[in-house]
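Structure assessment
So you can see what is in the structure, the chains are spelled out below.
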Amino acid sequence: MTMTSSSNSSAALAALSPSQLSWIKNLPKAELHAHLNGCVPISVLREFAQSYQPHPSTSLNSKPPLSHQDIAAGLYTLENFDKSQDIHSFFSAFETVYTLISTREALATATRAVLAQFLESNTADPPECTYLELRTTPRPTSTLSAMEYIHTVLSEVEKYPPNRAALILSLDRRMSVDSDQTAVTVEETIDAAVQLKKQGRRIVGVDLCGDPLAGDMSLLEPYIAKAKAAGLGITLHVAETPKNPPEETLQLLSYGPHRLGHATFLDEEAKEKVVKERIAVELCLSSNLLCKTVPTLSAHHIAFYLERNHSVAVCTDDTLPFRTSLTAEYALLLASPPLGLGLSEAQVAKIAKGSMDAAFTVLN
Ligand code: 6MZ
């Protein structure tokens, strides 16, 4: 049996009284920032790993296919993401997930498991969230085109009613803008989102994510404008690391996003703009602590927004590597310091209401 270290959020969860825990579980709330492939339950990945056979068709980026040992090591890293890692080593952890989820069946199974994790009630417990906006990056595999990838995920999302689940398509900062023989481009992703929305399918927004230091963000403007003009919500990961230049952040803000992901290292000018333009911020506490972009909970930038009565949505980001759940992230808000932030129930209820109000379905 593999031992996994416990997380900050599980300690906060354990510190709550039974009535506090029940109150949190029953609070209506939205999960607005969850990456599909970062939220696949480990049990599902282990099952895929059992039948995995290294084959050229499973290789990624023309590298040799991962061996059984590579897969085992990758799963271990995902489950034990901690001391030796930081945000810059985080992105390679997805190679194992992408190798194991390369067929339509595996993708559908993984998507169903992620949706169930957030939306199904578990024995006596209510569902983790009232409403889920799941996001994923379209990814062609050896057996699936990018469009088939999107349709597979979308069909699973659409099995839930519109007031429970919707899909956001992510642009990866590493994507080329308008030509790439081997991978999906920004242009293809935006066109797919726009077309599917026009057809009445459940795509509600576009995200920008991926390695925070990759890519040239100045090229994105016309694509974001096109998505906005089609009525899609825009959420952008911004200033996730201290190395993100302030000019890049201001440029991304100039594209008029409806929401921001993380927004950890905003300078004064950017902060002022975010507050003035009331751009809701998706905050992922465990993710920031484990990626070491925020040193302690008490130093988290959530305090800045709460002081200004600014809309924030507390979210999980990637439940697998960050060993968390939406309930556990809310426990970090309510539990007394040092395990949590010690917010009042009124403050936590306000954050939960803010998450529901910031949903992209509200735009439509
Ligand atoms: C930036 C992140 C992320 O799209 O394959 N992703 N991008 N910052 C983060 N926080 C630390 N967490 C996940 O889900 C996995 C992909 O989401 C992005 C990465 O590009 C990762 O490969 P999908 O479903």
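Overview of the structure. (Residues numbered from 1 in each chain as written. Predicted model: local features only at pLDDT ≥ 70, side-chain atom pairs only at ≥ 80, totals over all residues. Heavy atoms only, no water.)

Here we take up the overall build of the chain. A count of helices and strands for the chain gives 16 helices and eight strands. Relative to its length of 364 residues, the chain is compact, with a C-alpha radius of gyration of 19 Å against a globular reference of 21 Å. Taken along the three principal axes of its C-alpha coordinates, the chain extends 55 × 50 × 40 Å. Counting over 364 residues, the chain shows a buried share of 54%. Considering only intrachain contacts with a sequence separation of at least 6, the fraction spanning at least 24 residues in the chain is 75%. Summed over all atoms, the accessible surface of the chain reaches about 15300 Å², with 54% contributed by carbon and sulfur. (Helix = DSSP H or I, 4+ residues; strand = E, 2+ residues; numbered from the N terminus. Rg over C-alpha atoms; globule rule 2.2 N^0.38 Å. Buried < 20%, exposed > 50% of the residue type's maximum accessible area, 1.4 Å probe, protein only. Contact = heavy atoms within 4.5 Å. Areas by Shrake-Rupley, 256 points an atom, 1.4 Å probe, with all protein chains shown as cover.)

As enumerated under the stated definition, the model contains one cavity of 30 Å³ or more in all. What the largest cavity holds in volume is close to 40 Å³. Contributing to the lining of the largest cavity are T58, S59, L60, K63, P64, P65, L66, E95 and T99. (1 Å grid on protein atoms, 1.4 Å probe; cavity = no way out; pocket = protein on both sides within 12 Å on 5 of 7 lines; lining within 4 Å. Points joined across faces, edges and corners; volume = space filled by probe spheres on them.)

For the pair helix α1 (residues 8-15) and helix α15 (residues 326-334), interaxial distance at closest approach is 8 Å and the crossing angle is 70 degrees. The angle between the axes of α1 and α15 places the two elements in the roughly perpendicular class. In this structure, α1 contributes N8, S9, A12 and L13 to the contact, and α15 contributes T327, A328, E329, A331 and L332. Partitioning the contact of α1 with α15 into residue classes produces five nonpolar, three polar and one charged. (Axes fitted to C-alpha atoms, helices over the stretch in contact; angles between N-to-C directions. Parallel < 35°, antiparallel > 145°, perpendicular 65-115°, else oblique. Nonpolar A, V, L, I, M, F, W, Y, C, P; charged D, E, K, R; others polar.)

Counted as a void, the largest pocket has a volume near 1200 Å³. As for the largest pocket, its lining consists of 45 residues, of which N61, Y98, R139, D172 and R174 are closest to the centre. Of all the elements in the fold, those that place two or more residues in the lining of the largest pocket are α5 (87-90), α6 (94-100) and β2 (131-136). At four residues, α6 tops the list of elements feeding residues into the lining of the largest pocket. In terms of residue class, the lining of the largest pocket is made up of 15 nonpolar, 21 polar and nine charged. In this structure, the second largest pocket occupies an estimated 300 Å³ of space. Lining the second largest pocket are 13 residues; nearest its centre among them are N309, H310, S311, V312 and K350. Of all the secondary-structure elements, those providing two or more residues to the lining of the second largest pocket are α14 (302-307) and α16 (345-357). With four residues, α16 is the single largest residue contributor to the lining of the second largest pocket. Looking at the lining of the second largest pocket residue by residue, the class counts come to five nonpolar, five polar and three charged.

What follows deals with the environment of V281. Assignment of secondary structure puts V281 in strand β7 (residues 280-283). Between the C-alpha atoms of V281 and H258, which are 23 residues apart in sequence, the distance is 9.0 Å. Contact partners of V281, with chain neighbours within four places excluded, come to L260, H262, A263, V274, Y305, H310, S311, V312 and A313.

Right, let's get into the site of the ligand. Around the ligand sit 21 residues, and of these Y98, T136, T137, E240 and D318 come closest. H35 places a side-chain nitrogen or oxygen 3.0 Å from an oxygen atom of the ligand. Residue E240 places a side-chain N or O atom 2.8 Å away from a nitrogen atom belonging to the ligand. Compared with its free state, where it exposes 520 Å², the ligand has 99% of that area covered by protein. Taken atom by atom, the bulk of the ligand overlaps the largest pocket. Those elements that place two or more of their residues in the shell around the ligand are α6 and β2. When the residues that make up the shell around the ligand are grouped by side-chain class, the tally is seven nonpolar, eight polar and six charged. (Near = heavy atom within 4 Å. Polar contact = N/O pair within 3.5 Å; in protein donor to acceptor, adjacent residues only side chain to side chain. Sits in = over half its atoms within 2 Å of the grid points.)

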